Structure formats: C-alpha cells, structure tokens
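Observations on chain architecture
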Amino acid sequence: MLKLFTLLVAAGIASPALANDTLAEVKTGGLIFAQSDNVSMAQEDLFISASEVRVDYVFENSSDKDVESLVAFPMPDITGQVDNNSAISDYDSDNFLHFSTLQDGSPITAKLQQRVVSLGIDVTDEFAKQGIPVLPYSQKTTEALAKLPETIRKDWIVRGLVYPMGAGDAAGVDLVPLWTLRSTYWWRTTFPARKKVSVAHRYKPAVGGTVAISFLEGGEPKGERFEEYSRKYCLDGDFVRVAQQRAREAEAGGANYTESWISYVLSTGANWAGPIKRFQLTIDKGKPGSLISFCGSNVQKIGPTTFRMTSEDFDPTKDFDILILNPPETAQ
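Residues numbered from 1 in each chain as written. Predicted model: local features only at pLDDT ≥ 70, side-chain atom pairs only at ≥ 80, totals over all residues. Heavy atoms only, no water.

A separate point is the packing of aromatic side chains. Under the counting rule described, the total for this entry stands at 16 aromatic pairs. On the basis of an interplanar angle of 75° and a centroid distance of 5.9 Å, the ring pair of Phe 191 and Trp 272 is categorised as edge-to-face. With Phe 191 in strand S14 (residues 180-191) and Trp 272 in the loop between strand S17 (258-264) and strand S18 (276-284), the pair connects residues that are 81 residues apart, well separated along the chain. Taking the centre distance of 4.4 Å and the plane angle of 15° together, the rings of Phe 279 and Phe 314 count as stacked. Of the two residues, Phe 279 sits in strand S18 while Phe 314 sits in strand S21 (residues 306-314), which places them 35 residues apart along the sequence. For the pair Phe 279 and Phe 314, a shared accessibility class is recorded, and that class is buried. Put simply, the rings of Phe 73, Phe 99, Tyr 185, Tyr 203 and Tyr 264 touch in pairs and so form one group of aromatic residues. Note that Arg 54 overlies the ring of Phe 47, its terminal NZ or CZ placed 4.0 Å from the centroid. (Phe/Tyr/Trp six-rings, centres within 6.5 Å; stacked < 30°, edge-to-face > 60°. Helix = DSSP H or I, 4+ residues; strand = E, 2+ residues; numbered from the N terminus. Buried < 20%, exposed > 50% of the residue type's maximum accessible area, 1.4 Å probe, protein only. Lys NZ or Arg CZ within 6 Å of the ring centre and 35° of its normal.)

Written out as structure tokens, the structure reads:
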C-alpha cells in the first residue's frame, strides 16, 4: 500500500471541470494531477520509518516517442491542532522535510508548491498578503500570528483558521494554527522512448502523535476515535488487547505509551499506465518494544523491528497510514 508519484502535463488551453478526465495544467491555483497512458511504473521499493522515507522507482516509457512532462510528488497534509505533538525535522526551512530526488543517479532540483486550506477553502493568497508563514508549527508562524491586525485576528478566529489560547480573541492571546498545509514537490522531466528511467526520493516524514494512547474510551475499545483508528490502521484483537494492558499499567502509575502516526500518499500511483509491476514495502517500527498496526496483505516480519510486503501488478487504491505505539524510554 503505497505510492506517491503523479504525472502532470502542461497544457496551454482552458481546462474543463475535472472529474475523471486526464487533462492537467499549471493554473493559478496550482498543479492539477493527470494520468499517463504511455509511462508505467515497472518497480517501486518503498521504505518507511519515523526518521526516514526512501522511495526508489523504475519507470518505463512504452511508446515510440519521448514523453515530456511535469512529475509531482505530493506530501501528506500537515494540519494544525490545539494539542500538537508533531515532529518535523526543520520547522523554519522551506524544505522542512529535507526532500531530495535523483533521476538516473543525477540530482534533480524540485520546486515546492504549498497551499493553505481551511474548511475546504484555499486561503494561500490571504496568508501571503498578511506575511504569515504557511507551516503551522513554525516559530516564525507563531511570531507572525501575534502581529496580526485585530480585525484580521477576529476574522480568522471566526473562520476557524486559528484558535485563541486564552480568554476571548483579544490581542496578546496566543493563536494556535488550525489550517492544513498541502505541499507538492514537482519538476520537469523527459521519459525517453522505449527506455527505463530510475527515480529516487529521500525525506524525513512529518510524524504526528499523542502523549498517551488515545483510541480507548475508559480503557475499552469503543467510541468514534476507536472506530476511526480501526478503519485507518486495521487494528486487530491482539494489538488492541496489548494496548489496553499498557493503558492499565499507565493508570496504575506507570509511564504512558505514546502514539506516532506516519502517512504516505499512495493512491496517486494509479495515475501511471497500468498497475505497478513489482511493488515492495518495508516498514521499520523503530524500537523492539514498539507496537505497530497498518493495513496490508502478505506482510512478513523480516527483523526485530522491520516488516515487508511485496506484490506483483499492484494497484494502489488508497493512501497508507501507520500507527506506532512507542514504549516509555525506560522500557525500550
């Protein structure tokens, strides 16, 4: 379950409303994903851990003509929240995930598109006008929000872009970001006719989480959050029972297990011609004492902390999410 790449084509014509059609262009609102009829993904090897994501592809152009295109790599959304426990390697850098890419062994300089969305509405231009950095958890963002004019501050609170930590919406009250940042790395490239092209990415994932196990209600596997986790991470009975035991130990005076969430945009892999001929996913949970849950099939444990899934003619239909329960530092 994973795939991230998508093909885009620069078109100098007006685009109709997009449903399942394949037209795409670089518009004022940003990149629009398209589909390729000629370039397929022959192979994908994906490695995911809390500290690094490595993706290695082999693409093949089956046509008799070179395919010139825009290639895009969309990152998982980063959404601000009141109780933030998000781990990002470099909050104040544009390339905050330290993303890098190679094509046939040569470095590619990817451009970064960032859009700010709140309640389904793109508010990127408003942020630019007010000089507000777009990364929710940046110190520069916190400082810039503190300088917002009073009228803008009140308006953004009412619209759900920010939340006032304190009494009322008066100046001086800290504003917590609630918007969602959508980031996409993209570059122009050529897929030569009847040839294969290798592409490799490396980056540090934005790992979200909590300071305790949050999907149990009164220590029991029930409630909306548990149902959400069950769907998203495919929780099984053994995982839930161990989580309950760890939660009881914490209530009895022990240290809390913490949650880590890692997401990967896999579904865009379906935009290439045909299924992924050979797909391999390797996941590292980090610590031997950690618990891990994700939706997968034919998964094998290949090491003390690593798991692997392989598939032929893999058709990615949805994105991929991982839940890790981390033991206290004293119980690694």
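On we go.
Moving on, we come to helix H4 (residues 224-233). Within H4, the full set of buried residues consists of Phe 226, Tyr 229 and Tyr 233. The arc that holds the buried residues of H4, viewed along the axis, is 60°, so those residues lie on one side. H4 presents Glu 224 and Arg 231 as exposed residues on the side facing more than 90 degrees away from its buried surface. On its buried side, H4 packs onto helix H5 (237-251), S17, strand S19 (291-294) and strand S22 (320-326). (Arc of directions from axis to C-beta. Contact = heavy atoms within 4.5 Å.)

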